[in-house]
Amino acid sequence: MMPFQPVMLATDALIYLLLVLAVSFAWYTRRHDHLRAPWRRVARSHTAMGALVIIGVYVVIGLLDTFHFRLANGEDEQGNVRYASEIHSALDLLATPLRERREKTYSAPFATHLYARETIELPDGGQVRDFPRLKWGGAHLEDPVRDRNADILWRMLAGIAIGAGVWLALMVLYTWRKAGDGRQWWSDPDKGPQRTAAWIGLLMLVLLGLSLTLAGAYHVLGTDKVGEDVFYQSLKSIRTGLVIGTLTTLVMLPAAILLGIMAGYFRGWVDDVIQYLYTTLSSVPGVLLIAAAVLMMQIYMSNHQDEFNSLTERADLRLLFLCVILGVTSWTSLCRLLRGETLKLRQLEYVQAAQAFGVGHFTTLVRHILPNVMHIVLIVVVLDFSGLVLAEAVLSYINIGVDPNTNSWGNMINSARLELAREPLVWWSLLAAFLFMFVLVLAANLFADVVRDAFDPRLRERS
Amino acid sequence: MMAYIVRRTLYAIPILIGVNLLTFLLFFVVNSPDDMARMHLGAKRVTDQAIEQWKVERGYDKPLVFNLEAEGLGQVTDTIFFDKSLRLFAFDFGQSDSGRNIGHDIGQRMWPSLAIAIPIMLVGLLVNITFSLLLAFFRGTYLDFWGVVLCVAMMSISGLFYIIGGQVLLGKLLNLFPISGYDIGAHAWKFLVLPVIIGVVSSIGSGSRWYRTLFLEEINKDFVRSARAKGLSEQRVLIGHVLRNALIPILTGVVVVLPTLFMGSLLLESFFGVPGLGSYTIDAINRQDFAIVRAMVFLGAVLYILGLLLTDISYTIADPRVRLE
């Protein structure tokens, strides 16, 4: 008997596929020295190593949120396990306190009282209009006005201590295993970038420690209109951002690579047809094409509602569809780059030699052309990521992005925007979405720059 | 030159046909007009009669490509494809789903869009060139390094936050400008300042960084070295030689987007309540008005192709080394 039943959503499957691809790519690269050389250049960059740690933290949270399951929920008469209809992820389980502690409506970060005045019934039967206490936020305090700041301070110190302690233990283990003597690692000039990564790691662990000690007792980033914890929403949005940023490129890659190298290699009418195809597609403004496609999907979904088993599944399919549509609008630039590079490659001696030896077209493409354009693919994948994360927010804002029920930074901004007219300002949802997005996109941008410089400095992206 | 322009224009025709077919497929074949009607009329239990009436009112009741009932030429012309798709070539956009003349609306709404887009482009160009020229002047120093870091940081902020931040800071807290709205005539400037500032600031990150790369590329070339060897000051080298040569890619980059300025900015216009084409498109998307979205898709493609054509022509004017084949 299992306490849970795993559920694989469509995007989950693709994420696992991406994970397998990434791991096998890394394994392949490790064994080939010429492929490792550019990565060594990346590893020598302080910014890249620091950014990588931050991206890693996001990816771990995203992966935790990818493992979905239904929890067991009692047994029926025959003794078979019954499972709840709700789908949860590992992250949901870890963040249960955040998920379940719902307030009534808005409350500011670290608040102990609601944002708006309400009529409260006094025990003696009288009524008074005041800010009511929150059900969960700071509920453990006897006198919030007196105790809150001291309590937050103690919890912060504890959080920092936990984070720093874990970090110290990890560092001692790592330097002891790697270098035998920790002091040597700390003074080795070659290990500078690794030390940068270590410091960023310390920052991340302290943040983790802080959220452990604080998020359980307060709403660290406030609550939204229906009283849901904003910190929890921001964490859940990470998966959506990562899915849009990575799956879009994964979905478009086969078509872009195949058509791009075919156009460059075969030339002639094949080239004409493929060029016509991507010129036509790229001449439609991207937003409008996405809007048209999403409108059409909405029609389909509203007319075929019974085909979807659950809301989660429907939202997930919509997310996947958005990736596909974004992929259709963004594959053209990669295709164009690959075509140009292949045109260059096919003139080179080793391709000519292969042809002279009677090697077939397919083998030539796979063995000689493809490996030599892969660096362009890699650069484009890394460069596109941050743009796609930003695009999600804009699209969700104009209601052609992810499903309104999906947690995403775009939806957070969209729903918080109307609150700007309020007095006093409800700013915390926007701040949370801003911080989470900014850190991810900045790290991705910095990392992408280093990767591009290491692999092909001439390849500039017109932004 | 003339022959080249004519030939390039002819090249555009198959692409436009492609775009036209694509929109037709997307709007009429993926989902039938019946589905559209059901979506619009809302409820699940809508009568067939109501659907039929909705389609007749909007001219969606005809067959898609072939009309077997009609006679002669009518077999081809009396169809949705001819009515809704082919007419786009003559810039006859027809009626929107709510019954307004789309062509007339576009003609009116284009001006507010331009009133915002043109100042943003001009001021943005000035600011970006100045800033990136400064970075190029101080290349290799800490100033340059932190300038680029600033650019990357500014690139990493979503456009939405520039708008929201600008509205809250300049409009609400400092109370300098009206938060949103639009006016015609002499009073329009008040409403234009804030969107233009925000539009320019949000373009600094990617724009300045891109221009800086262009400048640095020119700086390493031989003619710059000879200019320095002649004894010119660094400022004169930068402005007289580097800037002048880097202007070619900068200006051609501007020419590409010139025609699309008509389309307006979706986000700025909808946040600031400017009655331009950008907010027109957003409203159409939110109201699910397919006729307008279809018209805008086609118009956007036409303008994009026009931009490419203008780019090619401007290359030959700006850089005599480029010859037309």
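This is a predicted model, so every value here is computed, not measured. (Residues numbered from 1 in each chain as written. Chains lettered and ligands numbered in written order. Predicted model: local features only at pLDDT ≥ 70, side-chain atom pairs only at ≥ 80, totals over all residues.)

## Side note on the overall build of chain B
A tally of helices and strands in chain B yields 14 helices and 0 strands. In chain B, the succession of α and β elements from N to C terminus is α-α-α-α-α-α-α-α-α-α-α-α-α-α. By the compact-globule yardstick of 20 Å for 325 residues, chain B is too spread out, its C-alpha radius of gyration being 25 Å. Dimensions along the principal axes, computed over C-alpha positions, put chain B at roughly 85 × 55 × 35 Å. Counting the 325 residues in chain B, one finds 34% classified as buried. Here the analysis covers contacts within chain B between residues at least 6 apart in sequence; of these, 66% occur between residues at least 24 apart. (Helix = DSSP H or I, 4+ residues; strand = E, 2+ residues; numbered from the N terminus. Rg over C-alpha atoms; globule rule 2.2 N^0.38 Å. Buried ≥ 20, exposed ≤ 12 C-beta atoms within 10 Å, placed from the backbone. Contact = placed C-beta atoms within 7 Å.)

## Regarding the overall build of chain A
Of regular secondary structure, chain A possesses 16 helices and 6 strands. Along the three orthogonal principal directions, the C-alpha set of chain A runs to about 100 × 65 × 55 Å. Here chain A holds 463 residues, and the buried ones make up 39% of them. A fraction of 71% describes how many contacts in chain A between residues 6 or more apart in sequence connect residues 24 or more apart.

## Quick word on the interface of chain A and chain B
At the junction of the two partners, chain A supplies 40 residues and chain B supplies 43 residues. Those elements that place two or more of their residues in the side of chain A that touches chain B are α10 (268–283), α11 (286–303), α14 (361–397), α15 (409–417) and α16 (428–455) of chain A. When grouped by side-chain class, the residues that make up the side of chain A that touches chain B number 28 nonpolar, 9 polar and 3 charged. (Nonpolar A, V, L, I, M, F, W, Y, C, P; charged D, E, K, R; others polar.)

## Quick word on the domain arrangement of chain B
Residues and elements named next belong to chain B. The domains assigned to chain B are domain 1 (2–90) and domain 2 (106–324). Its C-alpha centre places domain 1 at a distance of 36 Å from the equivalent point of domain 2. Taken together, the contact pairs 15 residues of domain 1 with 13 residues of domain 2. Of all the secondary-structure elements, those providing two or more residues to the side of domain 1 that touches domain 2 are α1 (2–29) and α2 (33–41). Here the side of domain 1 that touches domain 2 takes 11 residues from α1, the largest share from any one element. Taken together, the residues of the side of domain 1 that touches domain 2 sort by class into 10 nonpolar, 4 polar and 1 charged. (Domains from an automatic or database assignment.)

## Quick look at the pairing of strand β2 (residues 68–75) of chain A
Residue and element names in this part refer to chain A. Where strand β1 (residues 4–7) meets β2, 4 bridges bridge the pair, whose relative direction is antiparallel. When the bridges of β2 are listed, glutamine 5 appears paired with arginine 70. Between β2 and strand β3 (residues 81–83), which pair antiparallel one after the other, the connecting turn spans 5 residues, and glycine 79 there sits at a positive phi close to 85°. (Pairing = 2+ DSSP bridges.)

## Here we look at the nonpolar core
Taken as a class, soluble globular proteins show a tendency for nonpolar side chains to be buried jointly. Within the largest apolar cluster, 163 residues are counted, with the highest numbers of intra-cluster contacts made by Ile290, Ala291, Ala292 and Phe447 of chain A together with Val293 of chain B. The residues that make up this core include at least three from each of domain 1 (2–90) and domain 2 (106–324) of chain B. Beyond its immediate chain neighbours, meaning those up to four positions away, valine 293 of chain B contacts Leu288, Ala291, Ala292 and Leu295 of chain A together with Ala284 and Ile285 of chain B. Counting residues in hydrophobic clusters, the runner-up holds 10 residues, among them Leu133, Ala136, Val237 and Ala246 of chain B. (Core = buried A, V, L, I, M, F, W, Y, C linked by C-beta atoms within 7 Å.)

## Section: helix α13 (residues 277–287) of chain B
In an α-helix there are 3.6 residues to a turn, and that puts residues three or four apart on one side. In terms of burial, α13 of chain B is largely enclosed, as 8 of its 11 residues are buried. Residues of α13 of chain B that are buried: Leu277, Gly278, Ser279, Tyr280, Thr281, Ile282, Ala284 and Ile285 of chain B. Considering only its buried residues, α13 of chain B is in contact with α11 of chain A together with α6 (102–137), α12 (266–272) and α14 (290–318) of chain B. One or two positions beyond α13 of chain B, positive phi appears at glutamine 288 of chain B, with a value near 55°.

## Some thoughts on the environment of methionine 171 of chain A
Position of methionine 171 of chain A relative to the elements: it lies in helix α6 (residues 144–179). With 31 residues separating them along the chain, methionine 171 of chain A and leucine 202 of chain A place their C-alpha atoms 9.7 Å apart.

## Here's the deal with the packing of α6 of chain B against helix α9 (residues 188–219) of chain B
All names here are of chain B. Here α6 crosses α9 at 40°, and the two axes come no closer than 5 Å. Considering how the two elements wind past one another, α6 and α9 form a crossing that is right-handed. Considering only residue class, the contact of α6 with α9 consists of 21 nonpolar, 7 polar and 1 charged. (Axes fitted to C-alpha atoms, helices over the stretch in contact; angles between N-to-C directions. Left-handed = near helix turned anticlockwise from the far one by under 90°.)

## Topic: the confidence of the model for chain A
Mean pLDDT over chain A: 84, with 97% of residues reaching 70 or higher. Put simply, helix α7 (residues 182–187) of chain A is where chain A has its lowest mean pLDDT, 73, and helix α3 (residues 46–64) of chain A is where it has its highest, 92. (pLDDT = per-residue confidence, 0-100.)

## Quick look at the environment of methionine 252 of chain A
Residues and elements named next belong to chain A. Summarising the element assignment, methionine 252 is placed in helix α9 (residues 230–266). Taking C-alpha positions, methionine 252 is 9.2 Å from threonine 329, a pair spaced 77 residues apart along the chain. Leaving out residues up to four positions away in the same chain, methionine 252 has contacts with Gly327, Ser330 and Trp331.

## Describing the packing of helix α7 (residues 142–155) of chain B against α9 of chain B
Residue and element names in this part refer to chain B. Put simply, α7 and α9 touch, their axes get as near as 7 Å, and they point 135° apart. In terms of orientation, α7 and α9 fall into the oblique class. In this structure, α7 crosses over α9, and the sense of that crossing is left-handed. Contacts between α7 and α9 pair Val148, Cys151, Met154 and Met155 from the former with Ile204, Gly205, Ser206, Ser208 and Arg209 from the latter. For the contact of α7 with α9, the per-class residue count stands at 5 nonpolar, 3 polar and 1 charged. (Parallel < 35°, antiparallel > 145°, perpendicular 65-115°, else oblique.)

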